Amino acid sequence: MHGSRISALGHYQPARVLTNEDLAEMVDTSDEWIRSRVGIHSRRIAGPDEPVDELAGHAAAKALASAGLTPADVDMVVVATSTAIDRSPNMAARVAARLGIPGPAALDLNVVCAGFTHALATADHAVRAGSSSRALVIGADKMSEVADWTDRTTCVLVGDGAGAAVVEACASGEAAGIGPVLWGSVPEMGDAVRIEGTPPRFAQEGQSVYRWATTRLPAIARQACERSGLAPADLAAVVLHQANLRIIEPLAAKIGAVNAVVARDVVESGNTSAASIPLALSKLVERGEITTGDPVLLFGFGGNLSYAGQVVRCP
């Protein structure tokens, strides 16, 4: 059994930018109200002709190009999403068809905002077990499609986008680039974050989520570091689910990653659910804020009150 590593990343966001000022013309809110409560100043919104699998396909194609690979080099596609409207074909199969990937294992995971870190662990396990040699792991969500645009407490949060990672086996003797996952949930509190109904709509108990994230999760995130044999002070970056700047900043501080770059992509992208971690990570790499081999904590949390985190090495 060999460990796995992330060899390349890619991300994609729709062209349309929705600012706080734009939202103030749609619902009773203001730029000051939004910034003071969630720290967001803009988000990207997909059009009606931009389905989730298109967002995912663009991000995946960018990751493959960055890795110098072709679709034929991939034998597994895992898509984390909670905004798939159709039940079949699933998003992974649709992305594989878009890219021309021949005969991959194709599966979707719905763990909402913790989806990407769950999907990354699933691909890592498949590579370690020998059932995959190279996987595409994608987080993609179109939250604008499930938003209640009359509810100022939730519609100000959401954005659309996708991020992708190429995961492949490490060479013999090479240290694993994806650390052990620490994952779990609080199912009895699962109703605190919901996407339900017909048509489906996003809703949450904001104060319950805030208290859980800022009081219960720091110790769990530190345990994820311990599983990789690192102290939080050893981290070069921390990429948390981009839920709300008022959650990200205190959570990052309580983890104790005093030397780390903290991803704050939520400010310009909003909450993109399963896309938020790979989107933010890909941008950090693209801007050169972290470099090859740097240890990075990825930590997803949210819907179902699920969480999953692991330390990865920057590609």
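Quick caveat, the model's predicted, so the values are computed rather than measured.

**Structural notes on the overall build of the protein chain**
Piece 1. Scanning the protein chain from terminus to terminus reveals 10 helices and 14 strands.
Piece 2. Scaling as 2.2 N^0.38, a compact globule of 315 residues should have a C-alpha radius of gyration of about 20 Å, and the protein chain matches this with 18 Å.
Piece 3. Considered along the principal axes of its C-alpha atoms, the protein chain spans approximately 60 × 40 × 40 Å.
Piece 4. Counting every position in the protein chain, which comprises 315 residues, the buried fraction comes to 57%.
Piece 5. Here the analysis covers contacts within the protein chain between residues at least 6 apart in sequence; of these, 76% occur between residues at least 24 apart.
Piece 6. With an accessible surface of roughly 12100 Å², the protein chain has 49% of that area assigned to carbon and sulfur atoms.
Piece 7. Within the protein chain, one finds 26 positive and 34 negative side-chain charges whose respective centroids are separated by 4 Å.

**Some points on the sheet that holds strand E4 (residues 76-80)**
Piece 1. Sheet architecture is open: 5 strands sit in the order E1-E7-E6-E4-E5, paired in mixed fashion. Two strands bound the open sheet, and with one partner strand each, they are strand E1 (4-12) and strand E5 (105-109). Strand-to-strand, the axes of this sheet are offset by a mean angle of 15°, without reference to chain direction.
Piece 2. Pairing geometry for E4 and E5, over 5 bridges, is parallel. Looking across to E5, one finds that Val78 is bridged to Leu107.

**As for the nonpolar core**
Generally speaking, nonpolar side chains in soluble globular proteins are found buried as a group.
Piece 1. Within the largest apolar cluster, 49 residues are counted, with the highest numbers of intra-cluster contacts made by Trp212, Leu217, Leu235, Leu240, Leu297, Phe299 and Phe301.
Piece 2. Looking at this core, the elements with two or more residues in it are helix H2 (31-38), helix H6 (206-215), helix H7 (217-227), strand E11 (237-240), helix H8 (245-255), strand E13 (295-302) and strand E14 (306-313).
Piece 3. Here this core gets 6 residues from one element, more than from any other, and that element is H8.
Piece 4. In this structure Leu240 touches Ile248, Leu251, Ala252, Ile255, Ile277, Phe299 and Phe301, once residues within four positions along its chain are discounted.
Piece 5. Ranked by size, the runner-up nonpolar core spans 30 residues in total, among them Ala80, Ala123, Val127 and Ile290.

**Overview of the pattern of salt bridges**
Piece 1. This model, assessed by the stated rule, comprises 16 salt bridges.
Piece 2. For the salt bridge of Arg35 with Asp31, the shortest nitrogen-to-oxygen distance reads 2.9 Å. Of the two residues, Arg35 and Asp31 are both situated in helix H2; the distance of 4 residues between them amounts to about one turn of the helix.
Piece 3. In this structure Asp31 comes out as partly exposed when scored by relative accessible area, which is 22%.
Piece 4. The closest approach of N and O atoms between Lys142 and Glu145, which form a salt bridge, is 3.6 Å.
Piece 5. For Lys142, a relative accessible area of 3% puts it in the buried group.

**A few points about the packing of aromatic side chains**
Piece 1. Evaluation of the coordinates by the stated rule reveals 2 aromatic pairs.
Piece 2. Plain terms: the ring middles of Trp212 and Phe301 are 6.5 Å apart, the flat faces sit at 70° to each other, and that makes the pair edge-to-face. One end of the pair, Trp212, is in helix H6; the other, Phe301, is in strand E13, with 89 residues separating them in the sequence.
Piece 3. Under the relative-accessibility criterion, Trp212 is labelled buried at 4%.
Piece 4. Residue Phe301 is classed as buried on the basis of its relative accessible area of 1%.

**Digging into the environment of Asp124**
Piece 1. Checked against the element boundaries, Asp124 lands in helix H5 (residues 115-129).
Piece 2. Judged by relative accessible area, which is 3%, Asp124 ranks as buried.
Piece 3. Counting along the chain gives 84 residues from Asp124 to Ile40, while the straight-line C-alpha distance between them is 33 Å.
Piece 4. In this structure, Asp124 is in contact with Ser4, Ile178 and Gly179, ignoring residues within four places of it in sequence.

**Observations regarding the side chain of Thr272**
Piece 1. On the secondary structure map, Thr272 appears in the loop between helix H9 (266-269) and helix H10 (276-286).
Piece 2. With residues up to four places along the chain from it excluded, the contact list for Thr272 reads Asp141, Met143, Gly159, Asp160, Gly161 and Leu279.

**Quick word on H2**
Piece 1. Where H2 is concerned, the buried positions are Trp33, Ile34 and Val38. For H2, the arc enclosing every buried residue in end-on projection is 95°, short of the 170-degree limit, so these residues lie on one face.
Piece 2. Tucked inside the fold, the buried residues of H2 contact helix H1 (20-24), strand E3 (42-44) and H8.
Piece 3. Phi for Gly39, located one or two positions after H2, is positive at around 80°.

What counts as what
Residues numbered from 1 in each chain as written. Predicted model: local features only at pLDDT ≥ 70, side-chain atom pairs only at ≥ 80, totals over all residues. Heavy atoms only, no water. Helix = DSSP H or I, 4+ residues; strand = E, 2+ residues; numbered from the N terminus. Rg over C-alpha atoms; globule rule 2.2 N^0.38 Å. Buried < 20%, exposed > 50% of the residue type's maximum accessible area, 1.4 Å probe, protein only. Contact = heavy atoms within 4.5 Å. Areas by Shrake-Rupley, 256 points an atom, 1.4 Å probe, with all protein chains shown as cover. Lys, Arg positive; Asp, Glu negative; His and termini not counted. Charge placed at Lys NZ, Arg CZ, Asp CG, Glu CD. Pairing = 2+ DSSP bridges. Axes fitted to C-alpha atoms, helices over the stretch in contact; angles between N-to-C directions. Core = buried A, V, L, I, M, F, W, Y, C linked by side-chain atoms within 4.5 Å. Salt bridge = Lys/Arg side-chain N within 4 Å of Asp/Glu carboxyl O. Phe/Tyr/Trp six-rings, centres within 6.5 Å; stacked < 30°, edge-to-face > 60°. Arc of directions from axis to C-beta.

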